[in-house]
Amino acid sequence: MKNNQALIENFLEAKFGEEGLSENTILAYSRDLEQICKKVGKSLVDVSQSDLEQYFIYLKNSGHSNSTTARRLSTIKQFYKFHVEKGFLSTDPTAQLTGPRSSKPLPKTLSVGEVEALLQIAKNHGGTEYEQVRNRCLMEILYASGMRISELMSLPVSSVRGNPEMILVKGKGSKERLVPLSPSAIEALFHWLKLRDQKEDLRLNKMGKKRSKFLFPSSSKQGHLTRNWFFNKIKEWALISGVKSENVSPHTIRHAFATHLLSNGADLRVIQTLLGHSDITTTEIYTHIVNEKLKETLDDHHPLSGKSKLN
């Protein structure tokens, strides 16, 4: 176990298998650990608290941001905690280490009007009726449910059969949750399933290919539409609709879902459940977004704010 690579692979395999983390997150863990190993120059078994303190002093003196330092500290702490809990290592040199908190900016979101503009473009965008109906269904379900885009892209068609008002979604760590569908999303889904099934039947009858198990099938390696495909599409819709494209991504639709619910009085615990957050503190970020919007409204319209048109 004194080989750094073996230690790192052991940790990453557990993270991937037990927590269901994305490939990008696993790669970030791997890069952080490799950077630490390279700078410290020791087997991670032999690293001391002093070695790590010197490493983080080096990061600070080299001008690395607080967020980078905080992320790498979190990575190395998780690494040692895992190996001590599993009995692979007897001591944790990070137990007494503290570092800067990562100051995360508030996530970008969209107004109701901006989401409506994107929905309008999506349902009319595409070279065929098939594409237009598919695009509308994608946007309607994404905004109605607050799903992660990876969850939506890989959604099995079996989960939406029978005109459901809620659908079962498998999220991070293979945890399942029920998410709602709005009346307009149900309508869009009905029309999409009709065209989707016709095309799948044609594939079976004319080409002998099996029907796809995914709601949004494609010829990609995964067998369904990809996150990158949808990212490019929604950017295109933003440009056409006049919504600032730098503010638009699949994840901002998820943020919009949460902030719009909260603004209209939804309970934070309910939003946590719908988003699939394991920790309520993750969901609480949306209260900051809503409060910031309220403050902007007050600053813009209160007669004593200095900005109001009443002055």
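Residues numbered from 1 in each chain as written. Predicted model: local features only at pLDDT ≥ 70, side-chain atom pairs only at ≥ 80, totals over all residues. Heavy atoms only, no water.

## Here's the deal with the confidence of the model for the chain
Counted only if it meets this: You can read pLDDT as the predictor saying how much it trusts each residue, on a scale of 0 to 100. Note on conventions: DSSP H or I runs of at least 4 residues are helices, E runs of at least 2 residues are strands, and numbering of each starts at the N terminus.
Scored by pLDDT, the chain has a mean of 85; 87% of the residues are at 70 or more. Of all the helices and strands in the chain, helix α13 (residues 285–301) carries the lowest mean pLDDT, 63, while helix α6 (residues 129–145) carries the highest, 97.

## A look at the packing of aromatic side chains
Each pair of aromatic rings is reported with the distance of its centres and the angle of its planes. Applied cut-off: Ring pairs shown here join Phe, Tyr and Trp side chains whose ring centres sit within 6.5 Å, with only the six-membered ring taken for Trp; geometry is labelled stacked below 30 degrees between planes, edge-to-face above 60, and tilted in between. To sort residues, take the accessible area from a 1.4 Å probe on protein chains only and compare it with the maximum for the residue type: under 20% means buried, over 50% means exposed, and anything in between is partly exposed. Remark: a charge is flagged as sitting over a ring if the NZ atom of Lys or the CZ atom of Arg is within 6 Å of the ring centre and within 35 degrees of the ring normal.
Per the stated rule, a full pass over the model turns up eleven aromatic pairs. Their ring planes at 75 degrees and their centres at 5.7 Å tell us that F11 and Y29 sit as a pair that is edge-to-face. Residue F11 is located in helix α1 (residues 4–19), and its partner Y29 is located in helix α2 (residues 23–40); the two are separated by 18 residues in the primary sequence. Look at Y29 and you get buried, because its relative accessible area is 12%. Look at F11 and F79: their rings are 5.6 Å apart centre to centre, the planes differ by 70 degrees, and that puts the pair in the edge-to-face class. Here F79 lies in helix α4 (residues 66–85) and F11 lies in helix α1, a separation of 68 residues in the sequence. Between K39 and the ring centre of Y58, over which it is positioned, the NZ or CZ distance is 4.1 Å. Here the basic side chain of K199 rests over the ring of Y130, its NZ or CZ set 4.2 Å away from the ring centre.

## Thoughts on the pairing of strand β2 (residues 176–180)
Here is the rule: Any two strands with at least two DSSP-identified bridges between them are counted as paired.
Side chains R177 and V179 project from β2 onto a buried face, and the interleaved E176, L178 and P180 project onto a face without burial. Here five bridges tie strand β1 (residues 166–170) to β2, and the two strands are oriented antiparallel to one another. Looking at the pairing, L168 lines up with L178 of β2. Where β1 hands over to β2, the hairpin turn is made up of five residues, of which G173 adopts a positive phi near 65 degrees.

## Concerning the environment of D46
Inspection of the secondary structure assignment puts D46 in the loop between α2 and α3 (49–61). For the pair D46 and P93, spaced 47 residues apart in the sequence, the C-alpha separation amounts to 9.5 Å.

## Examining the pattern of salt bridges
As a reminder of what qualifies: One side-chain nitrogen of Lys or Arg within 4 Å of one carboxyl oxygen of Asp or Glu is enough to make a salt bridge.
According to the stated counting rule, one finds ten salt bridges in the structure shown. When the shortest N-O distance is used, the salt bridge between D32 and R72 registers 3.6 Å. Here D32 is found in helix α2, whereas its partner R72 is found in helix α4, with 40 residues between them in sequence. Residue R72 is classed as buried on the basis of its relative accessible area, which comes to 11%. Here D197 ties to R196 by a salt bridge, and the two come within 2.8 Å at their closest N and O atoms. A single salt-bridge network, built from bridges that share partners, covers D32, R71 and R72.

## Let's talk about the environment of L193
Here is the rule we go by: Should any heavy atoms of two residues lie within 4.5 Å, those residues are counted as being in contact.
Along the polypeptide, L193 turns up in helix α8 (residues 183–207). Those residues within four positions of L193 in sequence are excluded, and the remaining contacts are V157, V160, R161 and L215.

## Things to note about the nonpolar core
To keep it simple, the criterion reads: Within this scheme, the nonpolar core is defined by two criteria: the residues are buried Ala, Val, Leu, Ile, Met, Phe, Trp, Tyr or Cys, and they are joined through side-chain atoms within 4.5 Å.
Counting 42 residues, the largest nonpolar core has M139, I141, L152, L215, F216 and F230 as the members making the most contacts within it. For this core, the secondary structure elements donating two or more residues are α5 (112–124), α6, α7 (149–153), β1, α8, α9 (227–241) and α10 (250–263). Considering every element that reaches this core, the biggest residue donor is α6, with eight residues. Residue contacts for I141: discarding those within four places in its chain leaves G146, M147, L152, L181, A185, L189, L215 and F216. Core analysis: the second largest hydrophobic core is formed by 23 residues, L7, F11, I26 and I36 among them.

## Some words on unusual backbone geometry
Not every positive phi belongs to a glycine, and N163 is a case in point at roughly 50 degrees. With respect to the element layout, N163 can be found in the loop between α7 and β1. On the basis of relative accessibility, which here comes to 55%, the residue N163 falls in the exposed class.

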